[in-house]
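Fold and contact review
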Amino acid sequence: MYLRYSFRLEPTPGQRIALARTFGCARVVYNDALAVRKAAYLADGSRIAMGVLAKRVITEAKKTPERAWLAEVSVDALQSSLRDLDAAYANFFASVSGKRPGRRIGLPVFKSKKDSRQAVRFSRNGFRLRDNGRLNLAKIGDVRVRWSRELPSAPSSVTVIKDPSGRYFASFVVQVEPEPLAPVTSEVGIDLGLTHYAVLSDGQVIDNPRFLRRAERRLAKAQQALSRKAKGSRNRAKARLKVARAHARVADARRNWCHRNALRLVRDN
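Reference entry: report on the structure contained in this document. (Residues numbered from 1 in each chain as written. Predicted model: local features only at pLDDT ≥ 70, side-chain atom pairs only at ≥ 80, totals over all residues. Heavy atoms only, no water.)

A separate point is the pattern of salt bridges. Applying the stated criterion across every chain yields a total of 11 salt bridges. In this structure, Glu 72 and Arg 21 form a salt bridge, with 3.3 Å as the shortest nitrogen-oxygen distance. Residue Glu 72 is found in the loop between helix H2 (50-59) and helix H3 (75-97), and its partner Arg 21 is found in helix H1 (residues 13-44); the two are separated by 51 residues along the sequence. For Glu 72, a relative accessible area of 46% translates into the label partly exposed. Taking the relative accessible area as the measure of exposure, Arg 21 reaches 33% and is therefore partly exposed. Arg 167 serves as the salt-bridge partner of Asp 252, at 2.7 Å between the closest nitrogen and oxygen. Here Asp 252, found in helix H6 (residues 234-268), pairs with Arg 167, found in the loop between strand E6 (157-162) and strand E7 (168-175); they are 85 residues apart in sequence, far enough to count as distant. Note on Asp 252: relative accessible area 28%, which makes it partly exposed. For Arg 167, a relative accessible area of 18% translates into the label buried. (Salt bridge = Lys/Arg side-chain N within 4 Å of Asp/Glu carboxyl O. Helix = DSSP H or I, 4+ residues; strand = E, 2+ residues; numbered from the N terminus. Buried < 20%, exposed > 50% of the residue type's maximum accessible area, 1.4 Å probe, protein only.)

What follows is the structure, given as C-alpha cells:
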C-alpha cells in the first residue's frame, strides 16, 4: 500500500523565491490547460490528449513572449500539474458514472494565486535525496529537511506544500507492506459527546481538551492587530501571517491529540 510521510522544510530566502516561481508557473499551466480543454469541449465536445495538451501549454507556450518565463522552472513540475488536471477530470467522470463511491465530485476549477495554500508535485525525475539528508529539487537546489523518522522505502514522488502560516512541507509517497497489529481480546464502545470528548463503555472518560478556547486570547489579540492594518500593506501581510500561525498551532495540537488517542484505542481494543 502507499503512504504519505510529511516533513518540515527549511528553504533559504533564494529557494523560497524559486519555490514561489514554481508554484506560480504550475498554477498557470494548470489554468491554461483547463481553459483549452473547456474550449475544445464547448466547440465540438472533443477531448484533447495529454501529449497534445502538454505540447500546447508547455512546449509551445515557452516560445511566446507571454509565457517565456515557464522555462525558468522544472518541466517535471509543470507536467505533474497537467497530470493533476487529468486526474481531476477522471475523478469527475468516475463520480458522475457511479464508478467512484462517496460524495459527488465536481468539475475542475481554475486555481487562484490568492489561495493561502500552494503546492507543487515532483516525480522521480524532478527530485533526489542527497546523502547529507537534503532534498534536491530541480531548478531549486538542495533544501534542508527536518527528518523526524526514516522513510521505509524510496519515494515515488514528493509534493512541496506551503501552508497559510508560511511553513513549507515535503510530502513523500512511499510504498510499504502492511503490518497488522497484534490481536487483542478486549472490546470497547465509544460515545462522543460535548461536555466530554468521549465516554468509553468500560467507564473511562476522555476529557475535551478545547485547544481553541485556550488560545482565544492570543487569537483575539492577533486578529485585532490585523483589523487595524491598511489593506494591501506589508504590515497587514505580516499580521495575517501571525493570525495564520496562531491557528496552525491550535490545529497541530488538536491533530496530534486526536492521532494519539485514536492510536491508543485501536491498539488496546
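Now for a nonpolar patch on the surface. Together, Ile 190, Leu 192 and Tyr 197 make up an exposed nonpolar region whose accessible area comes to about 300 Å². One can find Leu 192 in strand E8 (residues 190-192). (Patch = residues over 30% accessible without salt bridge, like charges linked within 9 Å, V, L, I, M, F, W, Y side chains within 5 Å. Areas by Shrake-Rupley, 256 points an atom, 1.4 Å probe, with all protein chains shown as cover.)

Among the residues of H2, Leu 53, Val 57 and Ile 58 are the ones counted as buried. Each buried residue of H2 lies within a common arc of 95° when the element is viewed along its axis, so the set occupies one face. Those residues of H2 that are buried lie in contact with H1 and H3. (Arc of directions from axis to C-beta. Contact = heavy atoms within 4.5 Å.)

Among the nonpolar cores identified, the biggest contains 24 residues, and Leu 9, Phe 122, Leu 135, Leu 137, Val 158, Val 160 and Phe 172 are the most heavily contacted of them. Of all the secondary structure elements, the ones that give two or more residues to this core are strand E1 (2-10), H1, strand E2 (118-123), strand E4 (135-137), strand E5 (141-146), E6 and E7. Setting aside residues up to four positions removed in sequence, Val 158 forms contacts with Val 120, Arg 121, Phe 122, Phe 127, Leu 135, Leu 137, Ala 170, Ser 171 and Phe 172. (Core = buried A, V, L, I, M, F, W, Y, C linked by side-chain atoms within 4.5 Å.)

Looking now at the pairing of E1. Where E1 and E7 come together, eight bridges link them in antiparallel fashion. Within E7, the residue paired with Ser 6 across the bridge is Ser 171. Across three bridges, the pairing between E1 and E5 is antiparallel. Across the sheet, Leu 9 pairs through a bridge with Val 145, a residue of E5. (Pairing = 2+ DSSP bridges.)

As paired elements, E4 and E5 share three bridges and run antiparallel to each other. Its bridge partner lying in E5, Leu 137 is registered against Gly 141. Two successive antiparallel strands, E4 and E5, enclose a turn made up of three residues, where Lys 139 displays a positive phi of approximately 65°.

All right, on to unusual backbone geometry then. With a phi angle near 65°, Lys 139 is a residue other than glycine that sits in the positive phi range. The class of Lys 139 is exposed, set by a relative accessible area of 56%. Not every positive phi belongs to a glycine, and Arg 210 is a case in point at roughly 50°. Note that Arg 210 resides in the loop between strand E10 (205-207) and helix H4 (211-214). Given a relative accessible area of 32%, Arg 210 falls into the partly exposed group.

What follows deals with the packing of H1 against H2. In the contact formed by H1 and H2, the axes pass within 10 Å of each other and the chain directions differ by 130°. In terms of axis orientation, H1 runs oblique to H2. Pair H1 / H2 crosses with right-handed handedness. Taken together, the residues of H2 that come into contact with H1 (itself represented by Val 29, Asp 32, Ala 33, Val 36 and Arg 37) are Leu 53, Arg 56, Val 57 and Ile 58. When the residues that make up the contact of H1 with H2 are grouped by side-chain class, the tally is six nonpolar, no polar and three charged. (Axes fitted to C-alpha atoms, helices over the stretch in contact; angles between N-to-C directions. Parallel < 35°, antiparallel > 145°, perpendicular 65-115°, else oblique. Left-handed = near helix turned anticlockwise from the far one by under 90°. Nonpolar A, V, L, I, M, F, W, Y, C, P; charged D, E, K, R; others polar.)

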